[in-house]
Amino acid sequence: MSRNNTLDDDHYPHGKDFKAQITRRRRIGKVWRFIFYAATILAIIVLAVLLINVINQSFGLAAIQNEIPPDELVRDYQTGRMLSADNVVSSEDDQALAQSIGSLDNATGFFGYAFYRNNADTLHVLSVDGVTPTAETVQNGEYSLARPLYIYTSADIMTEKPQVAAFVNYYLDHAPEAVDTIGYFPAAPGDMEASRERVAEAQGAVAPDRINPGDYSGRIVATGSSTVYPITAAIAEGFKAEGFQDTIEVVSTGTSGGFNLFCVEGATGIDIINASRPISQLESEACKANDRQLIEIPIGMDALAIVVNSNNNFVTEISREELSQLFTSATSWADVNPDWPKAGILRYIPGQFNGTLDFFIDEVFIAELKDLPYESLVDILSANISTGLGRRFEQEQLFFEERLVFEDPVIFNELCAGEDPPEACLLPARDTENVLQLVRERVVVPVVVESWFLIDSILNRSEIILEAQAKYPGSEVEFYKWITPEFLKSPQSSQPELAGVRTAILGTLWVILITIAFAFPVGVGAAIYLEEYANGEKWYNQIIQTNINNLAGVPSIIYGMLGLAVFVRALEPITSGAIFGLVDDATTANGRTILSAGLTLGLLILPIVIISAQEAVRAVPNSLRQASYGLGATRWQTIWHHVLPNALPGILTGAIISMSRAIGETAPLVVIGASTFITADPTGPFSKFTVLPIQIFQWTTRPQGAFHNIAAAAIIALLILLLILNATAVIIRNRTSKRMV
Amino acid sequence: MTEQSLSENGKFAIETRSMNVYYGSFRAVENIDVKIKPRQITALIGPSGCGKSTVLRAFNRMNDLISTSRLEGEVLFHGQNIYAPDVDPVEVRRRIGIVFQKPNPFPKSIYDNTAWGAKINGFKGDMDALVERSLRQAALWDEVRDKLDQSGLSLSGGQQQRLCIARTIAVKPEIILMDEPASALDPIATLRIEELIQELKRD
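Rules used throughout
Residues numbered from 1 in each chain as written. Chains lettered and ligands numbered in written order. Predicted model: local features only at pLDDT ≥ 70, side-chain atom pairs only at ≥ 80, totals over all residues. Heavy atoms only, no water. Helix = DSSP H or I, 4+ residues; strand = E, 2+ residues; numbered from the N terminus. Contact = heavy atoms within 4.5 Å. Areas by Shrake-Rupley, 256 points an atom, 1.4 Å probe, with all protein chains shown as cover. Buried < 20%, exposed > 50% of the residue type's maximum accessible area, 1.4 Å probe, protein only. Salt bridge = Lys/Arg side-chain N within 4 Å of Asp/Glu carboxyl O. Pairing = 2+ DSSP bridges. Axes fitted to C-alpha atoms, helices over the stretch in contact; angles between N-to-C directions. Buried area = accessible area lost by both parts, 1.4 Å probe. Polar contact = N/O pair within 3.5 Å; in protein donor to acceptor, adjacent residues only side chain to side chain. Parallel < 35°, antiparallel > 145°, perpendicular 65-115°, else oblique. Nonpolar A, V, L, I, M, F, W, Y, C, P; charged D, E, K, R; others polar.

1. Here's the deal with the overall build of chain B
Secondary structure assignment for chain B yields 7 helices and 7 strands. In chain B, the succession of helices and strands from N to C terminus is β-β-β-α-β-β-α-β-α-α-α-α-β-α. Sequence-distant contacts, at least 24 apart, represent 70% of the contacts inside chain B between residues at least 6 apart. Accessible surface, chain B as shown: approximately 9,600 Å² in total, 49% of it carbon and sulfur.

2. Looking at the overall build of chain A
Within chain A one finds 31 helices and 15 strands. Counting the 741 residues in chain A, one finds 46% classified as buried. Counting contacts in chain A only where the partners sit at least 6 residues apart, residues at least 24 apart contribute 76% of the total.

3. Observations regarding the pattern of salt bridges
Going through the model one piece at a time under the given rule, you end up with 29 salt bridges over all chains. A salt bridge links E450(A) to K471(A); its shortest N-O distance comes to 2.9 Å. Linking E450(A) in strand β14 (residues 446-451) with K471(A) in helix α20 (residues 461-471), this pair joins segments that are 21 residues apart in sequence. With its nearest N and O atoms 3.8 Å apart, the salt bridge here joins E615(A) to R618(A). Residue E615(A) and its partner R618(A) are both found in helix α26 (residues 594-618); the two are separated by 3 residues, about one turn of the helix. Accessibility expressed as a relative area gives 46% for E615(A), which makes it partly exposed. The network of salt bridges with common partners includes E15(B), R17(B), K35(B) and E74(B).

4. Examining the sheet that holds strand β15 (residues 476-481) of chain A
Residue and element names in this part refer to chain A. Pairing is antiparallel in the open sheet, where 3 strands are placed in the order β14-β1-β15. Strand pairing shows two members of the sheet lacking a second neighbour, β14 and β15, which therefore form its edges. Ignoring which end each strand starts from, the neighbouring axes of this sheet average 45° apart. In this structure, strand β1 (residues 59-66) lies alongside β14, joined through 5 bridges in antiparallel fashion. Following the sheet pairing, A63 is matched in β14 by E450.

5. Some words on the interface of chain B and chain A
Often, the extent of an interface is quoted as the loss of accessible area on bringing the components together. On the chain A side, the residues contacting the 25 residues of chain B number 17 residues. In this assembly, chain B packs against chain A so that about 1,800 Å² is buried in total across both faces, 66% of it on carbon and sulfur atoms. Interface area lost by chain B to chain A is led by P107(B), W116(B) and I120(B), which between them contribute 29%. The interface formed by chain B and chain A includes 0 salt bridges. Remark: the boundary between chain B and chain A carries 3 residue pairs in polar contact (both at pLDDT 80 or more). Those elements that provide at least two residues to the side of chain B that touches chain A are α2 (89-95), β6 (96-99), α3 (110-120) and α6 (157-170) of chain B.

6. Observations concerning the packing of helix α11 (residues 281-289) of chain A against α20(A)
All names here are of chain A. Where α11 meets α20, the axes come as close as 9 Å, and the angle between the chain directions of the two elements is 110°. By the criterion of interaxial angle, the relationship of α11 to α20 is roughly perpendicular. For the pair α11 and α20, contact is made by L282, E285, A286 and A289 and by R461, S462, I465, L466 and Q469, respectively. Its residues assigned to classes, the contact of α11 with α20 shows 5 nonpolar, 2 polar and 2 charged.

Worth remembering: the numbers are spatial, not functional.
Quick look at the structure:
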């Protein structure tokens, strides 16, 4: 020791000083621990924010506008069937219908119950599903072709405008007689009582027994259903007749029109809404968002009467199933029911602009697109798409085994006998699911006009619904999952609602397969050579080693340039598959294939594979090699039996990391020219392709919001794919390392 | 260091003539001339770092594995120079086995540890019998007979070292070199190894 102080003292702190010294050492450790902790937390937060952001964009409310709303499509279809039936007369004048049926023995038809009552001497009303329309069966809901009628108002309006409260109470008192006069059925007494209580509660006071309209003043405005219109108008007349001096305005806008004005647009000045159906959930939510709480007041029932001539003695009741035949496909009564005579049916039905026809259709026919039978779906499809498109679909797959819908049979048979027969010649006919999908895609065409993020959708649901209803009238707001099994299974499309990532996922898998197949054996081989064979002292080996280390840091786009020059251009005959005769059309073949991409990415990750494999080989203890040599093993036996198996977990770890890198690479593939829009699945190394990162990149550059949603969904798909591939690799690694005891 | 051999021609099993071993430019041992008789236990003794291991490893060309090492002089095995250009080091190591200072079983089962050397050297006989005999000779059989499929690394230090000896015996070398085989072991394990060496001399 060259220190000049003596070593007699021990020069260490003792007692208190020692304790303080320990504390000081600890404090340094604590500071570092805190820094590491903070860094870890930061990393986790960043990751969480990223994930939340992606998930936030992959789910949420979306305003969807259909080119043709499905229920309208079905109603049009059913209306068409009814109007095109044999011997059908349609008229907007219900009285004329009633008279015609009254004068023709084999006639039948339907209209509001009031018209039956006025012509009861010449007509005969049928019971439907065994139920005859009477006040009782209509009120208790047994008679199915009946609907309740309502008025709606709000507590605020009644408090603010006493004249409205008075009118509503007056309405409740006089509704049963007014309804009866017009020809509807009164609401059930219990319902009326409940309405009275609800109104009293909303008013905060029990209504006076007798209302004197003369005591009140101020305008009253009622709007909405045309069916309820006459009732409200009649009661308004009575209200005025009893002394009310101000104006009562009753307008007919249709039920939806009334709710839309009041709830969605938040129009002021409307006091009462007439409705022939209960308020829908969407309308109700829109009302709540506008701070308007509606009270529902049933005031009566409307019923359809299915009538025949009073001379008709063979039919007294009919089922809904029979009804749907009676007014569409059947020509004679016997077609509907064999017990009935073979006489032709004469049909008298309300006109297509009349709500009564719609109501009949809604009640009697299937209203949901998805519930329609196969033939109906095909009919809807053929009525709404061009023949050319129909032919294309039919060539892909037949609609019916026994007949053709779009194609000419002669031409189709020639095609099938020809050299390159369309797929339809071999495949069985389509199924309901398939045609339903076609109808949705080609006829309904749902378009997402605006989408909202998940968090926004949860927190501001009502505002969003309101905004959507105002901005896109007729749109439906629904919770939309952008990542669905459909999304994973569908190919790329220019419509974000229909687009999927199947092409991209398959492209990624193919490219990664080539990448690994190239980089893994070459990389491991190089590592073995450098570690076990090459003399590290030699200058040329050192140059190689230095080069590999530096290559690992070269920006990926440079590999893209290399791939473009070498694989796409110089080796085009090989990478395009032309040299193997694997190209269908030599004029369009080029080197921008999966093979080029896989080799480029293989080069990109090669240095990482080599370096990590070298590390793993170096980590195999020398004692194992010596033991092996000591038993008389050759170098190759030592490498094969001891070095490689023991280095394998490390080698595979490196391969997993580099595979993950390759999956996420975008830049080099952009340079070598991956397709940005491709709908054909890759079929082999010589296919054109796209990969998930490129797909994501392409979608994020689109201006439409919905593409950003599917880009986020594709990111989730990419992450899941990455996890699956990594998990598989990790499982393989653990299996192999376990085998070595 | 132990030596036991089936005496063939030549009076000495191993004989070195002015052997110098260099690591790079450093001369580790200088002008060694030793003569080792067959069927005997011969021990090399010396202070730490004097070159015992270097000399020992020179006898079966294990120093070849160190890229910087170089040997001058001659090492004769039954009169033949094992450093002659036409001699295959793999053959030398097959005939002159070595047991290292630290037990280094392969990360394989006890059975595979014993059988591997025989397998790669083209042993054609009954492998199970060979494994059993080798393990018996190494006085390990009774301890491992029921767990031959367990990892060699699951054994204790002394057992591992006896496994390494069994592994070496299995390829039937003419000479077994042992580089302080008991240095990492406790006294009881050491005693067993020493007994073992005595028994091996008898065979």
